[in-house]
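Residues per chain are reported as follows:
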Amino acid sequence: MNAMKHSVLSVSRTTGRLTSGGRMLPSFLIMGAQRCGTTSLYRALAQHPLLLKPVLHKGVHYFDVGYGKGVSWYQGHFPLKVGAALLRKRYGRQPLAFESAPYYLYHPLAGERIARDLPGVKLIVLVRDPVERAFSAHSHELARGFETESHFEYAVELEVKRLAGAEQRLRADPHSVHHSHRHHAYLARGRYAEQLDRLEPLFGRERILVLDSHHFFAEPERTYARVLDFLEMPPLGNPVFERHNGRARPKPLPESVRQTLMEHFEVYDTQLAPWLGGDPSWRQ
């Protein structure tokens, strides 16, 4: 980040914090999963005039790694209430603020924090073939410099050791950050049902919308309409649907590795089916 951009962001954050009492808090969150199309959905929804994204950037990362900064810091990232009032007058509906942070789904404390600080909030979760998600996540973390093991198969073998005790440490020290938990959970993040089952007692299933990313990319208009219905928002405008954050693979995934991992995920995919209302696309 260059010095000028850093300075602008610093001033914007300071302004946001000073005016936080006059700013909105999110009514819904896109909370994961990582590498499942969250950025693409976020950008499609942000084109709706009544769905208001954060002022500075897509994910504030408050409920996972920034919780110690306090709710005023968090609220300072969102649009002003006076602007929302003008939109309500224009469209006859209350605008909704939102953000997107894929680590919220997997972080062991994020759900409890969200439930406590954002009563009534709705959650949107995207899922995809967990084998493809894991392979994509490895390429992503490798390219960003957060992964040093270039071989996907070996990185998967290392996962259990890397994550050993991570959740207990995060719970014991709520403001700590665990590098491997955030960047090396290739298989663990794809066990979606475990993470959703942790959220259900906190929010109720009616406030959690789970979307199959394959259907979103195949028929974005239909998925977009489902999201608006879930949010009780009218369709306004014609959003442009694009893929974002795609990354070229260094090499294809060996079929033997795919089959082994598909077997690993079979029981978890079965547990996911009730959340989707049927078998996930990659099991059909």
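One can find the structure itself at the top, above this paragraph.
Note that the structure is a prediction, hence the values are computed from the model and not measured.

Caption draft 1: The overall build of the protein, seen in detail. Broken down by element type, the protein carries 14 helices and five strands. Overall, the C-alpha framework of the protein stretches about 60 × 40 × 40 Å when taken along its three principal axes. Relative to its 284 residues, the protein shows a buried fraction of 51%. Computed over 38 positive and 29 negative side-chain charges, the inter-centroid distance for the protein is 10 Å.

Caption draft 2: Region of interest: the packing of helix H11 (residues 192–203) against helix H14 (residues 255–276). Their axes nearest at 8 Å, the elements H11 and H14 cross at an angle of 45°. When the axis of H11 is compared with that of H14, the two are oblique. Handedness of the H11/H14 crossing: left-handed. In contact with Tyr192, Ala193, Glu194, Leu196, Asp197 and Glu200 of H11, H14 contributes Tyr268, Gln271, Leu272 and Trp275. Residues that form the contact of H11 with H14 fall into these classes: six nonpolar, one polar and three charged.

Caption draft 3: Looking closely at the pairing of strand S3 (residues 96–100). Within S3, five of the five residues are buried, leaving the element largely enclosed by the surrounding structure. Where burial is concerned, the two faces of S3 agree: the one with Leu96, Phe98 and Ser100 and the one with Ala97 and Glu99 are both buried. Taken together, the four bridges between strand S1 (residues 26–30) and S3 define a ladder with parallel strand orientation. Residue Phe28 lies in a different strand from S3, and its bridge partner there is Phe98. Bridge count between strand S2 (residues 51–52) and S3: two bridges; the pairing is parallel.

Caption draft 4: Representation of the nonpolar core in the model. Among the nonpolar cores identified, the biggest contains 55 residues, and Tyr74, Tyr104 and Ile114 are the most heavily contacted of them. When neighbours within four sequence positions are excluded, Tyr74 is seen to be in contact with Leu25, Pro26, Leu29, Val60, Tyr62, Phe63, Glu99, Tyr104 and Leu118.

Caption draft 5: Expanded view of the environment of Met24. Tracing the chain through its elements places Met24 in the loop between helix H1 (3–18) and S1. In this structure Met24 comes out as buried when scored by relative accessible area, which is 8%. The spacing of Met24 and Leu105 is 81 residues in sequence and 22 Å in space, taken between C-alpha atoms. Those residues within four positions of Met24 in sequence are excluded, and the remaining contacts are Leu52, Gln75, Phe78, Pro79, Leu80, Lys81, Ala84, Gln94, Pro95, Leu96 and Ala97.

Caption draft 6: Structural view of the sheet that holds strand S4 (residues 122–127). Across the sheet, which stays open at both edges, the five strands sit in the order S2-S3-S1-S4-S5 with parallel pairing between neighbours. Whereas interior strands pair on both sides, the edge strands pair on one side only; in this sheet they are S2 and strand S5 (208–212). In this sheet, S4 lies alongside S1 in parallel orientation, the contact comprising three bridges. The residue bridging Leu29 from the neighbouring strand is Leu123, located in S4. Sitting on the sheet, helix H2 (residues 38–45) is in contact with S1, S2, S3, S4 and S5, with an inclination near 145° to S1.

Reading the values: the criteria
Residues numbered from 1 in each chain as written. Predicted model: local features only at pLDDT ≥ 70, side-chain atom pairs only at ≥ 80, totals over all residues. Heavy atoms only, no water. Helix = DSSP H or I, 4+ residues; strand = E, 2+ residues; numbered from the N terminus. Buried < 20%, exposed > 50% of the residue type's maximum accessible area, 1.4 Å probe, protein only. Lys, Arg positive; Asp, Glu negative; His and termini not counted. Charge placed at Lys NZ, Arg CZ, Asp CG, Glu CD. Axes fitted to C-alpha atoms, helices over the stretch in contact; angles between N-to-C directions. Parallel < 35°, antiparallel > 145°, perpendicular 65-115°, else oblique. Left-handed = near helix turned anticlockwise from the far one by under 90°. Contact = heavy atoms within 4.5 Å. Nonpolar A, V, L, I, M, F, W, Y, C, P; charged D, E, K, R; others polar. Pairing = 2+ DSSP bridges. Core = buried A, V, L, I, M, F, W, Y, C linked by side-chain atoms within 4.5 Å.

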